[in-house]
Amino acid sequence: MSDVETETRAPPAPDGLETMPDGLVIRAQGIHKRFGDNHVLRGISIDFPKGTTTVILGGSGSGKSVLMKHLIGLLKPDEGRVLVEGINISQLSGTALTKARMKFGMVFQWAALFDSMSVGDNVAFPLREHHRELSEKEIAERVAEKLALFGLEGTEAKFPADLSGGMRKRVGLARAIVLEPEIVLYDEPTTGLDPITTEYVDEMILRAKEKLQVTSVVISHDIGSAFNIADSIAFLYEGKIVEHKPPSELRHSEHPELKKFLSTWFGRN
Amino acid sequence: MTTESAENTATTPVLHWVRLPFERIGQGVIDLFVEVGHLTLLAAGGMAWSFRRPFRPTLLLQQCEYIGVGSLPIVLLTGLFAGLVFALQSSIAFAKFNAESLVGATVVISLARELGPVLTGLMVTGRAGSAIATELGTMRVTEQIDALESMAVSPIQYLVVPRVVALIFVMPMLTLLFNYVGFLGAFIVSVYQAGINEGTFMGRIYQVVDIVDLLGGLFKSACFGGVIGLVACYRGMNASGGSRGVGVAATRTVVSCSVSILVLDYFLTTLLLMVFE
Ligand SMILES: Nc1ncnc2c1ncn2[C@@H]1O[C@H](COP(=O)(O)OP(=O)(O)O)[C@@H](O)[C@H]1O
Ligand SMILES: [Mg+2]
């Protein structure tokens, strides 16, 4: 912990970058977040190393989505800060924040598709915004390719309102990875998906890590898939990360709430 | 999500009822200043973002079409009937002084200076302002605005700027049309119903009405357009609490815009009178 302390006190480098230990992509330090009287996050510090998959477990309403929104600067902490590759994303605004977000892709819990746009336009959106040099033909090809990854061939012309929840979620996945970002945040990517697609999403997260060194943060309720894909698992309870360990060690955790949580999957023995 | 209602349970009932109105008024005044502050910030952000690339002409045109075409029928209808009834009332009143010849000029000046901008503003508030608040509010509560931000696109630039700029452009055009059909209505009533001579009616208008009357009114309507856009976007962007929150955002947009238009009208009119008279 001591080297963390000296780092926070060190003056920022001239280019506005702060020093982060090698191999870290995101570092959250002492995050507190309140909504009125609701003190959701109560001092969260967690590191996300490059090219790893971290799964965040926790009961519903425990603040997992709120934590994830801090990582990409959608919410600002009341105290503490989030560094993304040395940039304090909690203090950015305007174009600097927009630029910092180019590193990210995010899958939202309820997909958050633009309901005024067709499926094809939804997935094409990040391409049209950030790759203006691409022709419409190239865009259409990439969109079709990403949709096919999730078994959504030929759905370009459909509108989100006409899709099932699971299909919307898969469109959300396609949209999040269409720019092939280095960090992908998944907010319950497989909740409500069928087992085959769930397994497919797990595989995709694993493959992206191996091939492209993608850093993934995954919120999940699916303990089975968490143990499959995670390099480390963090447990969020009462606004704090109470455990953060590799899956093999986490199984033997003594934390009573986590034990309850895990017993739903592994049985109580 | 806040629990304001649970305050004051400790005070005695009498004291509570004495304090309550003051607290409510005080809170209202504080809220008003806070919201004006937020609106100013949104306006400043909008200004900054509207000069940054990428420019979004397509979105702007889409919004102009949506707001302009959508509001056109109701603006034409209210304009026509405002002209009809205003001419009817003034022809009766002016007849008492044998001054019927002034009906046309009176109606046209009133339309150009006040009725056109204010009534168009109120109609556009009801039609486009509430629609914008509903649309952006829905996008907020379904996390579409978060999604936009997560894809490194500024919602101010993508959503707010096109709507506010479109309203600033479209409002004067709608006001002009309102004025025109209002004038037609007045003409019909005066000439065919009240029997005023057509030449007198038009002659007095040429004599009395100045282009400044019209331009001043159009300037005011552009200001109203900006206010409607900012308030509607602010309410929508800050909606919370599911579909009920979206409804609240739309209702509050209509209330705040209507009040703002009437209050702002007084100050803008004062300003215009200082400059031009
Ligand atoms: N924008 C917001 N405004 C107010 N309260 C919020 C907001 N977002 C989340 N909360 C509250 O924070 C808590 C944690 O929410 P969330 O992070 O969505 O939980 P989960 O762990 O299920 O993802 C909940 O009590 C929720 O009501
Ligand atoms: Mg959640």
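Refer to the preceding data block for the structure.
Before going into details, it helps to say that this report is about the structure given with it. Everything quoted here is computed from the prediction, not taken from an experiment.

About the thresholds
- Residues numbered from 1 in each chain as written.
- Chains lettered and ligands numbered in written order.
- Predicted model: local features only at pLDDT ≥ 70, side-chain atom pairs only at ≥ 80, totals over all residues.
- Heavy atoms only, no water.
- Helix = DSSP H or I, 4+ residues; strand = E, 2+ residues; numbered from the N terminus.
- Buried < 20%, exposed > 50% of the residue type's maximum accessible area, 1.4 Å probe, protein only.
- Contact = heavy atoms within 4.5 Å.
- Areas by Shrake-Rupley, 256 points an atom, 1.4 Å probe, with all protein chains shown as cover.
- Lys, Arg positive; Asp, Glu negative; His and termini not counted.
- Charge placed at Lys NZ, Arg CZ, Asp CG, Glu CD.
- Patch = residues over 30% accessible without salt bridge, like charges linked within 9 Å, V, L, I, M, F, W, Y side chains within 5 Å.
- Salt bridge = Lys/Arg side-chain N within 4 Å of Asp/Glu carboxyl O.
- Donors = N, O, S within 2.8 Å, 3.2 Å for Na, K, Ca; no water.
- Near = heavy atom within 4 Å.
- Polar contact = N/O pair within 3.5 Å; in protein donor to acceptor, adjacent residues only side chain to side chain.

Brief notes about the overall build of chain A
Tallying secondary structure elements over chain A gives ten helices and ten strands in all. Each principal axis of the C-alpha atoms in chain A carries an extent, and together these give about 55 × 55 × 40 Å. Within chain A, the fraction of its 269 residues that count as buried is 54%. Long-range contacts, defined as pairs at least 24 residues apart, comprise 63% of the intrachain contacts of chain A with a sequence gap of at least 6. Summed over all atoms, the accessible surface of chain A reaches about 12500 Å², with 52% contributed by carbon and sulfur. In chain A, which carries 32 positive and 38 negative side-chain charges, the distance between the mean positions of the two groups comes to 3 Å.

A few points about the overall build of chain B
The helix and strand inventory of chain B stands at eight helices and zero strands. When the helices and strands of chain B are listed from N to C terminus, the series reads α-α-α-α-α-α-α-α. Counting only residues that meet the buried cut, chain B has 44% of its 277 residues in that class. Long-range contacts, defined as pairs at least 24 residues apart, comprise 83% of the intrachain contacts of chain B with a sequence gap of at least 6. Mean positive and mean negative side-chain charge positions of chain B (15 and 17 charges, respectively) differ by 3 Å.

Brief notes about a nonpolar patch on the surface
A cluster of nonpolar side chains, namely B:F219, B:L271, B:M274, B:V275 and B:F276, defines an oily patch on the protein surface of about 530 Å² accessible area. Within the secondary structure layout, B:F219 lies in helix α7 (residues 211–237).

Some details on the coordination of the magnesium ion (ligand 2)
All names here are of chain A. Summarising the metal site, the magnesium ion (ligand 2) is bound by the protein donors S65 (OG) and Q109 (OE1), whose distances to it range over 2.0 to 2.2 Å. In this pair, S65 is assigned in helix α2 (residues 64–71) and Q109 in the loop between β6 (104–107) and α4 (119–130), connecting sequence segments 44 residues apart. By relative accessible area, which is 17% here, Q109 ends up buried.

Things to note about helix α10 (residues 256–266) of chain A
Considered for burial, the residues of α10(A) that qualify are A:L258, A:F261, A:L262 and A:S263. Buried residues along α10(A) sit against β3 (53–57), α8 (223–229), β9 (232–237), β10 (240–245) and α9 (247–250) of chain A.

Quick word on the site of ligand 1
Around ligand 1 there are twelve residues in total, and A:G61, A:G63, A:K64, A:S65 and A:V66 lie nearest to it. Lying at an intersection of chains, ligand 1 is approached by residues of chains A and B. Between A:N38 and ligand 1, the recorded distance is 3.2 Å, taken from a side-chain N or O atom to an oxygen atom. Alone, ligand 1 offers 560 Å² of accessible surface; in the complex the protein occludes 66% of this. Every element with two or more residues in the shell around ligand 1 is listed here: β2 (38–49) and α2 of chain A. Here the shell around ligand 1 gets three residues from one element, more than from any other, and that element is α2(A).

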